[in-house]
Amino acid sequence: MRDAPRLVYADRSGNIRDHPTLLMLCQSGPGFRRPEPEELMPLPASSDLFLLPGRRPAGLNPVDGSHREGPGLAVAAFAAPGHTLSAHPAYHEDAAAPTLPLFAYGAVGYARGKFWVCASKVDEDRRQFFSAANLRGITAGSAKLLRQFPRNRLVGHIINNCVRRYACPAARNFALGRYEAPLPTARSCNAACIGCISAPQQDAPVAETPQCRLAFTPSSQEIAEVMRIHESREKVRPIYSFGQGCEGDPLVNAPLLAESIRIFRDNGGHGTVNCNTNGSNPAGVAMLADAGLTSLRVSLNSAMPQNYEAYYRPRGYSFADVRKSICIARSKGIFVSLNLLYFPGITDTAPELEYLSDLVRTCGVAMIQWRNLNIDPAWYRKRMPAAEPMGTLDFMRALKKCCPWLRYGYFNPWLGDSAKLDAPMPA
């Protein structure tokens, strides 16, 4: 235990300190536990540390093995993009503790001169890392785009709202002319997710969301122009993505998206056209595929219908429609990813593995993007059915054993205009 990470806490002034004797504990199920050595990694660059108000840290007494309350406030880590958390911090919550904002909260400790976090690196892509030179380029690129395209409302929204107000990584990359360009289009949504980040939802854990929703519907010409702008600047691996955090679900506007894609493709547009969606509209998916879509990323917190519907609270569709959308996409040659909103201790269970592997196998899913579910851990844990967790790494290995063609990652991959598919055709 000599080199084991120690408990981390925040003092009254907000300074983050490590405890001299208590060791780090974490949580990925009903109780506290020690981190497994293979799930600990140095806190990645560009990560953040959060203070958790109303929450007292818990640590391990190495002498007698008891769990002790530490001083000050509990601390959590928000891991940099490309990393998936495997455990939450261990803490005792006060009765009056405020609900935590919609972020992901990883267990963190300190040893050998550095912070350690319970997480795994799942993607080597550095598209959401920004150097000082990048930041200067974002400012210059933003100003230039506004000057060049003053009548395009979507350009204005991406720059003025997404870049300048929220520092959205995808929007920043558009300003830099690299990687993946965002294409927000939808003002409304047909789900009422309890973790929605763009519009407050009734009975959700927080009354305020991290960002505001798109306030207009762009035209197909405006959308296609944004795609052409990005193609002219990112000449090697351009990706264009419908479905962003500042909008509802893009499939509510499927005809608009299909028309935009068709305009872009008919004028010689190349690159990976992707749609991030809840997958609620099978007919809309078919429409986009026929227009020239390359990839579809379907978000879900669970492949178990009852758990999915408890989180997404769909309006006018069901999980059966989500399955159908995935099957249609694969049957039309679309590369399908699952944006798995991963929650340690809830997602990594034997029942979830059974349902998820069945979905992947029978619907022809090509990739899992291991994203962290942004939500107050205790709030979510109380509302979802509990089962014995397998552990994140064991769960990942077991899923890959069931479905060996699966690709793991974090970001939408560049696939060219169309993808080479190894995933099986829908059963």
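Our subject is the structure that appears above.
The structure contained in this document is the topic of the report that follows. This structure is a prediction, so every number in the text was calculated from the model and none was measured.

Another aspect to go through is the nonpolar core. Across soluble globular proteins, nonpolar side chains have a tendency to be buried as a group. Residues Leu288, Tyr311, Ile326, Leu338, Trp370, Ile375 and Tyr380 are the most contacted members of the largest nonpolar core, which totals 88 residues. Among all residues touching Leu288, those that are not within four sequence positions of it are Leu251, Ala254, Leu257, Ala258, Ile261, Cys275 and Leu293. Within the second largest apolar cluster, 11 residues are counted, among which are Ala10, Met41, Ala104 and Ala119.

For Ala119, the location among the structural elements is in strand 14 (residues 114–121). Judged by relative accessible area, which is 3%, Ala119 ranks as buried. Expressed as a C-alpha distance, the spacing of Ala119 and Thr84, which sit 35 residues apart in the sequence, is 5.3 Å. Residues in contact with Ala119, not counting those within four places in the same chain, are Glu39, Met41, Thr84, Leu85 and Ser86.

What follows concerns empty space enclosed by the protein. Using the criterion set out here, one finds three cavities of 30 Å³ or more in the structure. In this structure, the largest cavity spans a volume of roughly 100 Å³. If you go around the largest cavity, the residues you meet are Leu7, Val8, Met24, Leu25, Pro57, Ala58, Ala74, Val75, Pro89, Ala90, Ala107 and Val108. Among the secondary structure elements, those contributing two or more residues to the lining of the largest cavity are strand 1 (6–10), strand 7 (55–60) and strand 9 (73–78). Grouping the constituent residues of the lining of the largest cavity by class yields 12 nonpolar, no polar and no charged.

Turning our attention to helix 5 (residues 254–266). For helix 5, built from 13 residues, the straight-helix expectation of 18 Å at 1.5 Å per residue is met to within 8% by its first-to-last C-alpha distance of 18 Å. Residues of helix 5 that are buried: Ala254, Leu256, Leu257, Ala258, Ser260, Ile261, Ile263, Phe264 and Arg265. In this fold, the buried residues of helix 5 make contact with helix 4 (220–233), strand 16 (239–242), strand 17 (272–277) and helix 6 (282–291). Positive backbone phi, approximately 85°, marks Gly268, located one or two places after helix 5.

Aromatic ring pairs are described here by two measures, namely the spacing of the ring centres and the angle between the planes. Tallied over the full model, the rule gives 15 aromatic pairs. Seen from their ring centres, Tyr308 and Tyr312 are 4.4 Å apart, and the 15° between their planes marks the pair as stacked. Taken as a pair, Tyr308 and Tyr312 lie in helix 7 (residues 305–312) at a separation of four residues, close to a single helical turn. Comparing Tyr308 with Tyr312, the two get one shared label, buried.

Orientation of helix 2 (residues 153–163) relative to helix 3 (residues 169–176), taken along the N-to-C sense of each, is 130°, at an axis distance of 9 Å. As the angle between them shows, helix 2 and helix 3 are arranged oblique. Our pair here, helix 2 against helix 3, has a crossing hand that is left-handed. Between helix 2, through Ile158, Ile159, Cys162 and Val163, and helix 3, the contact on the second element is made entirely by Ala171, Arg172, Phe174 and Ala175. Looking at the contact of helix 2 with helix 3 residue by residue, the class counts come to seven nonpolar, no polar and one charged.

Backbone-to-backbone hydrogen bonds pair the strands of a sheet. The strands run either parallel or antiparallel. Across the sheet, seven strands lie side by side as 15-16-17-18-19-20-21; this open sheet has parallel pairing. At either margin of the open sheet sits one strand with a lone partner, and together these are strand 15 (180–183) and strand 21 (407–409). Looking at each pair of strands side by side, their axes are set apart by 25° on average, direction ignored. Sheet analysis places strand 18 (residues 295–300) next to strand 19 (residues 335–342), joined by six bridges and oriented parallel. By the bridge assignment for strand 19, Val298 is matched with Leu338. Helix 4 contacts strand 15, strand 16 and strand 17 of the sheet and is inclined by roughly 170° relative to strand 15.

The rules we used
- Residues numbered from 1 in each chain as written.
- Predicted model: local features only at pLDDT ≥ 70, side-chain atom pairs only at ≥ 80, totals over all residues.
- Heavy atoms only, no water.
- Core = buried A, V, L, I, M, F, W, Y, C linked by side-chain atoms within 4.5 Å.
- Buried < 20%, exposed > 50% of the residue type's maximum accessible area, 1.4 Å probe, protein only.
- Contact = heavy atoms within 4.5 Å.
- Helix = DSSP H or I, 4+ residues; strand = E, 2+ residues; numbered from the N terminus.
- 1 Å grid on protein atoms, 1.4 Å probe; cavity = no way out; pocket = protein on both sides within 12 Å on 5 of 7 lines; lining within 4 Å.
- Points joined across faces, edges and corners; volume = space filled by probe spheres on them.
- Nonpolar A, V, L, I, M, F, W, Y, C, P; charged D, E, K, R; others polar.
- Expected span 1.5 Å × (residues − 1).
- Phe/Tyr/Trp six-rings, centres within 6.5 Å; stacked < 30°, edge-to-face > 60°.
- Axes fitted to C-alpha atoms, helices over the stretch in contact; angles between N-to-C directions.
- Parallel < 35°, antiparallel > 145°, perpendicular 65-115°, else oblique.
- Left-handed = near helix turned anticlockwise from the far one by under 90°.
- Pairing = 2+ DSSP bridges.

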